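Chain by chain, the residues run as shown.
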Amino acid sequence: MSTHLQGSLFDQTDQLRLGPLDGLRRTALGSGAWIDVLPGWLSGADALFEHLATAVPWRAEQRTMYDNVVAVPRLLAFYRAGDALPHPVLDEARTALSRHYAGELGEPFTTAGLCYYRDGRDSVAWHGDRIGRGSRQDTMVAILSVGEPRDLLLRPAGGGGTAVRRPLGHGDLIVMGGSCQRTWEHCVPKTSRATGPRISIQFRPQGVR
Ligand SMILES: O=C(O)CCC(=O)C(=O)O
């Protein structure tokens, strides 16, 4: 796959390295939902981006919308608990997140969902991760973003209220926690700006999807 990532424009260093998690900053969203954000958690992420873009078996999906079958506007891959992840730094990231949140989450992050947004036309619509336990229990979803910056928007479930906008750049981490998957929803909207590719890596506990 051609990746078109303007790598040198993103990274200040070639060394792939996760920073400490103690810089995470929490924002309470309301209704028991919160987000933790850590810009630049992963440095030297150009090589990771290139590796994931070419080595992951990306899947194009389709869905039915009214009477039509339409392409899902992003490429996907999913690694179940126990599957080998496509790069060792993702194992490191998952282990570090599991350790950091052990007390609060009470279980490790196990699965990794990967999404490839090829350009600004790729997107994901408003949703909560409610397939499984996220529909009835507090949980956490941690997202590491690499490549072109894209906005993640959050709003109270069902719409209404003011949306919160979080730009996610190369190497940035966001963790959605508490009731966020039930009481809030999130999306990555399309953009008409000239936008290169982005890969999102989501770590979830078992049974959350
Ligand atoms: O692209 C992202 O970071 C968000 C992905 C997401 O919300 C999902 O796949 O459920």
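For the structure itself, consult the block above.
Undergrad: Would you mind going over the site of the ligand with me for this structure?
TA: Taken together, Arg74, Cys115, Tyr117, His127, Asp129, Ile143, His186, Val188, Arg198, Ser200, Gln202 and Arg204 make up the full set of residues near the ligand. Between the ligand and histidine 127, the relevant distance is 2.8 Å, taken from an oxygen atom to a side-chain nitrogen or oxygen of the residue. Within the side chain of aspartate 129, one N or O atom sits 3.3 Å away from an oxygen atom of the ligand. If the ligand stood free it would expose 290 Å²; the protein chains cover 95% of that surface. When residues of the shell around the ligand are traced back to their parent elements, those giving at least two are β7 (109-117), β13 (184-188) and β14 (198-205). If you tally residues by element for the shell around the ligand, the top one is β14, at four residues. Here the shell around the ligand is composed, by residue class, of four nonpolar, four polar and four charged.

Undergrad: Is there a simple way to think about the packing of aromatic side chains in this case?
TA: Describing an aromatic ring pair means giving the distance of the ring centres and the angle of the ring planes. Summed over the entire model, instances satisfying the criterion amount to four aromatic pairs. Pairing tryptophan 58 with tyrosine 116 gives two aromatic rings, centres 5.3 Å apart and planes at 65 degrees, and the pair type is edge-to-face. Residue tryptophan 58 is located in the loop between α2 (46-55) and β5 (59-65), and its partner tyrosine 116 is located in strand β7; the two are separated by 58 residues in the primary sequence. There is no split in this pair, since tryptophan 58 and tyrosine 116 are both buried. When the centroid spacing of 6.3 Å and the interplanar angle of 80 degrees are considered together, the rings of tyrosine 101 and phenylalanine 109 count as edge-to-face. The exposure classification of tyrosine 101 matches that of phenylalanine 109, with both residues buried. Geometry around tryptophan 34 places arginine 26 over its ring, the cationic atom sitting 3.5 Å from the centre. For the cation-ring pair, arginine 209 lies above phenylalanine 78, with the distance from its terminal atom to the ring centre recorded as 3.5 Å.

Reading guide: rules and limits
- Residues numbered from 1 in each chain as written.
- Predicted model: local features only at pLDDT ≥ 70, side-chain atom pairs only at ≥ 80, totals over all residues.
- Heavy atoms only, no water.
- Near = heavy atom within 4 Å.
- Polar contact = N/O pair within 3.5 Å; in protein donor to acceptor, adjacent residues only side chain to side chain.
- Areas by Shrake-Rupley, 256 points an atom, 1.4 Å probe, with all protein chains shown as cover.
- Helix = DSSP H or I, 4+ residues; strand = E, 2+ residues; numbered from the N terminus.
- Nonpolar A, V, L, I, M, F, W, Y, C, P; charged D, E, K, R; others polar.
- Phe/Tyr/Trp six-rings, centres within 6.5 Å; stacked < 30°, edge-to-face > 60°.
- Buried < 20%, exposed > 50% of the residue type's maximum accessible area, 1.4 Å probe, protein only.
- Lys NZ or Arg CZ within 6 Å of the ring centre and 35° of its normal.

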